[in-house]
Amino acid sequence: MTYQLPRRDMFKMAGGAFAGAWLLTGCGSSGGGSSSGVEYWGAFPTPETEEYFRSQFIDTFNESTEHSVSMSTKQLTDLASLTDTAVSSGNAPDIIYSPGPSTSVNYAQGLKTLELDDYATEYGWEDRLLPWATQLSRVEDRLHSVPTSYGSTVLYYNRAVFEDNGWTPPTTKAEFEDLCEDADSKGMIPVGAGNSGYPAQSEWYLTCLLNAGLGPHFLYSVLTGDRDWSDPAVVDLIQSMKSQLDKGWWGGGADRYFTNTDPDMCTGLATGEVAMYMSGTWSFSSMGSFFTDSGNDPEDWDWAPLPSLADDVDPGVFPLAIGTALSIDSGSSDPDAAAAFLDHIMGDTTRSLEYLAVQGENPPPVAYEASDFPEDTDPRVQRLYEEIPESTNIGYASWTFLPPETNTALYTEFDKVITGDMSPKEYTEVLDSTFHQELGAGASPAPFTPQ
Amino acid sequence: MSTTTLVAGGGTATSRPSPVRTNRRRRLTGLLFLAPLLIVNVLVIAGPALTSVAYSFTDWDGINPPSFVGWDNYAALAGDEAFVSALGHNLLWTLFFLTVPMSMGLLGAYLLSRIRRGRLLFQTLFFIPYVVATVVSAAVWRQILSPTAGIIPVLDSFGVPGMDGLNPLGDPELALGAIALINNWQWWGFLVMLFLAAMQSVNPALYEAARLDGAGRWREFWHVTLPGIRPTLVFLLLMTIIWSFLVFDYVYILTQGGPAGSTDMLSTLLYRTAFGEGRAGHASAVGVVMALISATTIAGYLVLRRRLRWEV
């Protein structure tokens, strides 16, 4: 049996189908650049941090200016890839997030972000930002992003455990190795390490190793292409770490490296099973909780600058890392408002340092005076942001200064060195070829000149 | 359907619309019913799929304008150790899931079909893992298999041999097998349910006839049960091959392709290449290869079905 549809119903159905298609198309094209204010995507480690940011940065901006900004919260782990997709499809929010300069360089080269030099002059950003941060944010001598948080990698340790064992934080290679041997003989893991759950974790250790074992000047020449990654000094350094891994010094050995997590190592530090841990200063906000949760005193954790891992490298290098860099979408309908919001985020020292004191979130790369810090700032945290601007021993974090493919190779290929499937020389050769390809394509961020 | 029309000059006459017009109208009606689905398909499947094919011939970082490189991405895949290794892992995965869970599912369903009391209890127990969210079961299994906090150190403390230093997810030799077993833990109960439903639709008279002819349990299973559930079995074999080349969730959650690429699959490689390394053109080529493998599998199935005259 068949049914003939009356012509009027057919038109109704056709209309419905086109309306559906129009709606779908509409859904696909919604995105940033709306005229209802500045759109900002944020991601936070905890709901409390998000609430704090919303009240102290978003609401205060909306209340104190004629502009308005609306924040959409994303998952911390997804923000970078979501932004990539949005930028690529032309639907980016007005403020474009990037986890470091290597990504913002890419956006700038694709003309996806606006030049910010005029805004920098208007708001005086370059006077406030530390010189290395400004240099890093430039692409072909034009400012394309503003760093809003920065940190470093340091050596964490447990003061109580160090006192019990008569140790002091190592500053030289010999002291570091002596302490590792002593800790190993006492059944401890000398240096926490592992990459379970987050394979890129290896980049933290490699950043520490490269900076402490080669020094900023050597590393600068590698990052500018004047020296090769396969230079014997780099090969020897990777070989020394491999030997130490095989002895069980890093993470308890190769057999445990791939199942150790960052929380495992922080907990181990609190319980005395791990003697030292080289990690980022983002752990400042959470380290105390590992001590509390394991029944230890949260006042016991402390940090020291990285030791020197070579005779010709000064101890105490601080590899610098940009945690967040913000740009303005080239298609933004209100770039002036977006720039005003950028200034609101990074231009008020008091607000930034309150955020650091209350939530432990890293502040923008600005020179701070001791008197700038709120009274309730953890002195261990304050010390870092007082020491870095004073230091002349400033290095480079891989995720900030390496182009994306080279940085991915840095930690994915290193797995093969650990398992013995690749020699340190082969590893550095892979890095070398990948890096030079990206350097040639202009995808490598310009490193600041070491002091 | 006929229509009645008034004829000029008085009276009525019954007239039939021309067959050509009726057919055209019928086709149009069908197309209009299909239109919403078709539009959705074009927008969210065909469009991106064709775009991916186009991008696979470009050098594209996902942000800047792509540049045409011809077959370079495909040529690079042939010499790409990571790709070859991931493809090998997918093949091993397919082999495992075509044999182990299938056998377990068939055996479980057959045994359940033989019992009446307690069947529902076993069905529920077998099916529970399937309804647990992947991310939850993966997290639980990671904890269970932890070399420091899981069951292994406990078993080692009881002197169970082979437990000392065992690290299933951290050992490149064991990690892929460990993930496959974890995935199978969740998967095989679902197969039991599907096979059991299929077995219950087999005509009982066939079993009676087989028994009258003196067939034992094995012959009964081989000559009655298996042919009776062939549509379900063939469909699941086909889908197992396709799903095995799309596997992502357990691998990504448990090891993200590590250690040292020992659990890398085409899907995790694609994800890392596109979003970690910014090589979207190269990643598109990996995606096209994955789609071709699935298409070849389906084509093979269709050819077999026609040649063997399967009524599936």
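Since the model is a prediction, treat every value here as computed from it, not as a measurement. (Residues numbered from 1 in each chain as written. Chains lettered and ligands numbered in written order. Predicted model: local features only at pLDDT ≥ 70, side-chain atom pairs only at ≥ 80, totals over all residues. Heavy atoms only, no water.)

**Some remarks on the overall build of chain B**
In terms of regular secondary structure, chain B is built from 13 helices and 4 strands. Relative to its length of 312 residues, chain B is extended, with a C-alpha radius of gyration of 27 Å against a globular reference of 20 Å. The C-alpha extent of chain B, read off along each of the three principal axes, is 105 × 70 × 35 Å. Taking all 312 residues of chain B together, 38% fall into the buried category. Computed over 21 positive and 16 negative side-chain charges, the inter-centroid distance for chain B is 26 Å. (Helix = DSSP H or I, 4+ residues; strand = E, 2+ residues; numbered from the N terminus. Rg over C-alpha atoms; globule rule 2.2 N^0.38 Å. Buried < 20%, exposed > 50% of the residue type's maximum accessible area, 1.4 Å probe, protein only. Lys, Arg positive; Asp, Glu negative; His and termini not counted. Charge placed at Lys NZ, Arg CZ, Asp CG, Glu CD.)

**Here's the deal with the packing of helix 12 (residues 232-246) of chain A against helix 20 (residues 404-419) of chain A**
All names here are of chain A. Where helix 12 contacts helix 20, the axes come no closer than 9 Å and their chain directions differ by 55 degrees. Our classification of the angle between helix 12 and helix 20 gives oblique. Crossing hand, helix 12 versus helix 20: right-handed. Contacts from Ile238, Met241, Lys242 and Leu245 in helix 12 reach Phe414, Val417 and Ile418 in helix 20. (Axes fitted to C-alpha atoms, helices over the stretch in contact; angles between N-to-C directions. Parallel < 35°, antiparallel > 145°, perpendicular 65-115°, else oblique. Left-handed = near helix turned anticlockwise from the far one by under 90°. Contact = heavy atoms within 4.5 Å.)

**As for the interface of chain B and chain A**
With 34 residues of chain B in contact, the opposing surface of chain A contributes 38 residues. For the pair chain B and chain A, the two sides together bury roughly 3100 Å², of which 61% comes from carbon and sulfur. For the pair chain B and chain A, the number of links is 1 salt bridge. Across the pair Arg279 of chain B and Glu405 of chain A runs a salt bridge whose closest N-O atoms are separated by 3.4 Å. In this assembly, chain B and chain A are joined by 7 residue pairs in polar contact (both at pLDDT 80 or more). Looking at the side of chain B that touches chain A, the elements that each hand over two or more residues are helix 1 (19-55) and helix 12 (266-276) of chain B. Counting residues per element, the side of chain B that touches chain A draws most heavily on helix 1 of chain B, which supplies 12 residues. Grouping the amino acids of the side of chain B that touches chain A by side-chain chemistry returns 16 nonpolar, 10 polar and 8 charged. (Buried area = accessible area lost by both parts, 1.4 Å probe. Salt bridge = Lys/Arg side-chain N within 4 Å of Asp/Glu carboxyl O. Polar contact = N/O pair within 3.5 Å; in protein donor to acceptor, adjacent residues only side chain to side chain. Nonpolar A, V, L, I, M, F, W, Y, C, P; charged D, E, K, R; others polar.)

**Regarding the environment of Gln200 of chain B**
Residues and elements named next belong to chain B. Along the chain, the position of Gln200 falls in helix 7 (residues 175-200). Look at Gln200 and you get partly exposed, because its relative accessible area is 47%. It is 24 Å that separates the C-alpha atoms of Gln200 and Phe97, two residues lying 103 residues apart in sequence.

**Considering helix 9 (residues 173-185) of chain A**
Residue and element names in this part refer to chain A. If you check helix 9, its first and last C-alpha atoms are 18 Å apart, about what 13 residues at 1.5 Å a residue would give, namely 18 Å. Of the surrounding elements, those touching the buried residues of helix 9 are helix 8 (159-165), strand 7 (189-192), helix 12 and strand 8 (274-280). Immediately downstream of helix 9, the backbone of Gly187 shows phi near 80 degrees, a positive value. (Expected span 1.5 Å × (residues − 1).)

**Some details on helix 14 (residues 262-271) of chain A**
Turning to helix 14 of chain A, its buried residues number three or more, namely Asp262, Met265, Cys266, Gly268, Leu269 and Ala270 of chain A. Phi turns positive, to about 90 degrees, at Gly272 of chain A, one or two residues after helix 14 of chain A.

**Remarks on the packing of helix 3 (residues 81-114) of chain B against helix 10 (residues 230-244) of chain B**
Residues and elements named next belong to chain B. Direction vectors running N to C along helix 3 and helix 10 enclose 150 degrees, while the axes themselves pass 9 Å from each other. As helix 3 packs across helix 10, the resulting crossing turns out to be right-handed. In this structure, helix 3 contributes Asn90, Trp93, Thr94, Phe97, Leu98, Met102 and Leu106 to the contact, and helix 10 contributes Leu233, Leu236, Leu237, Thr240, Ile241 and Ser244.

**Some thoughts on the nonpolar core**
Counting residues in hydrophobic clusters, the biggest one holds 130 residues, and the most contacted among them are Tyr40, Trp125, Trp250 and Phe414 of chain A. Once residues within four sequence positions are removed from consideration, Trp250 of chain A is found in contact with Phe176, Val191, Ala193, Tyr205, Met241, Gln244, Leu245 and Met278 of chain A. Ranked by size, the runner-up nonpolar core spans 40 residues in total, among them Met102, Met199, Tyr207 and Val224 of chain B. (Core = buried A, V, L, I, M, F, W, Y, C linked by side-chain atoms within 4.5 Å.)

**A short note on a nonpolar patch on the surface**
Residue and element names in this part refer to chain B. A surface patch of nonpolar side chains, amounting to about 670 Å² of accessible area, comprises Val135, Val136, Val140, Ile144, Ile151, Val154, Phe158 and Val160. Where the nonpolar patch is concerned, the elements lending two or more residues are helix 5 (134-144) and helix 6 (151-157). For the nonpolar patch, the element with the most residues is helix 5, which contributes 4 residues. Secondary-structure assignment places Val136 in helix 5. (Patch = residues over 30% accessible without salt bridge, like charges linked within 9 Å, V, L, I, M, F, W, Y side chains within 5 Å. Areas by Shrake-Rupley, 256 points an atom, 1.4 Å probe, with all protein chains shown as cover.)

**Things to note about the domain arrangement of chain A**
Residue and element names in this part refer to chain A. What the domain assignment reports for chain A is domain 1 (38-150 + 320-389) and domain 2 (152-319 + 394-440). Placing a centre on the C-alpha atoms of domain 1 and another on those of domain 2 gives a separation of 28 Å. Domain 1 puts 17 residues into the contact, and the matching count from domain 2 is 26 residues. For the pair domain 1 and domain 2, the summed buried surface comes to about 1700 Å²; carbon and sulfur atoms form 58% of the total. Of all residues in domain 1, Leu320, Arg380 and Leu384 give up the largest surface area on contact with domain 2, accounting jointly for 40% of the area buried on that side. Linking domain 1 to domain 2 there are 1 salt bridge. Ionic pairing is found between Arg383 and Asp302, a salt bridge with its closest N-O pair at 2.6 Å. Our count for the contact surface shared by domain 1 and domain 2 stands at 9 residue pairs in polar contact (both at pLDDT 80 or more). (Domains from an automatic or database assignment.)

**Notes on the pairing of strand 9 (residues 301-304) of chain A**
Residues and elements named next belong to chain A. Residues of strand 9 alternate between two faces, with Trp301 and Trp303 on one and Asp302 and Ala304 on the opposite face, all of them buried. Across 4 bridges, strand 6 (residues 146-158) lies against strand 9 in antiparallel orientation. Directly across from Tyr157, in strand 9, lies its bridge partner Asp302. (Pairing = 2+ DSSP bridges.)

**A look at the pattern of salt bridges**
Opposite charge on two side chains permits pairing when their charged atoms draw close. Taken as a whole, this structure holds 20 salt bridges over all chains when the rule is applied. The closest approach of N and O atoms between Arg211 of chain B and Glu220 of chain B, which form a salt bridge, is 3.4 Å. Residue classification places Arg211 of chain B among the partly exposed positions, given a relative accessible area of 44%. When salt bridges with common partners are traced through the structure, they connect Glu115, Asp117, Glu126, Arg138 and Arg142 of chain A into a single cluster.

**Some remarks on the environment of Ala108 of chain A**
All names here are of chain A. Residue position: Ala108 is located in helix 4 (residues 101-109). Residue classification places Ala108 among the buried residues on the basis of a relative accessible area of 5%. Considering only alpha carbons, one finds Ala108 and Arg142, 34 residues apart in sequence, at a separation of 9.4 Å. Apart from residues no more than four positions distant in its own chain, Ala108 is found in contact with Thr113, Val139 and His144.

**Details of the pairing of strand 3 (residues 95-98) of chain A**
All names here are of chain A. The two faces of strand 3 match: Ile95 and Tyr97 on one face and Ile96 and Ser98 on the other face are all buried. Bridge count for strand 3 against strand 10 (residues 318-328) is 4 bridges, and the pairing is antiparallel. Residue pairing across strands places Ile96 opposite Ser327, the latter belonging to strand 10.

**Quick notes on the confidence of the model for chain B**
When pLDDT is low, close inspection of the predicted coordinates is not appropriate. All names here are of chain B. Model confidence for chain B is summarised by a mean pLDDT of 89, while 94% of its residues fall at 70 or above. The lowest-confidence element of chain B is strand 1 (residues 3-6), averaging 43 in pLDDT; the highest-confidence one is helix 7, averaging 96. Considering only residues more than four positions removed or in separate chains, one finds that residues 1-11, a stretch of pLDDT under 50, has 12 contacts. (pLDDT = per-residue confidence, 0-100.)

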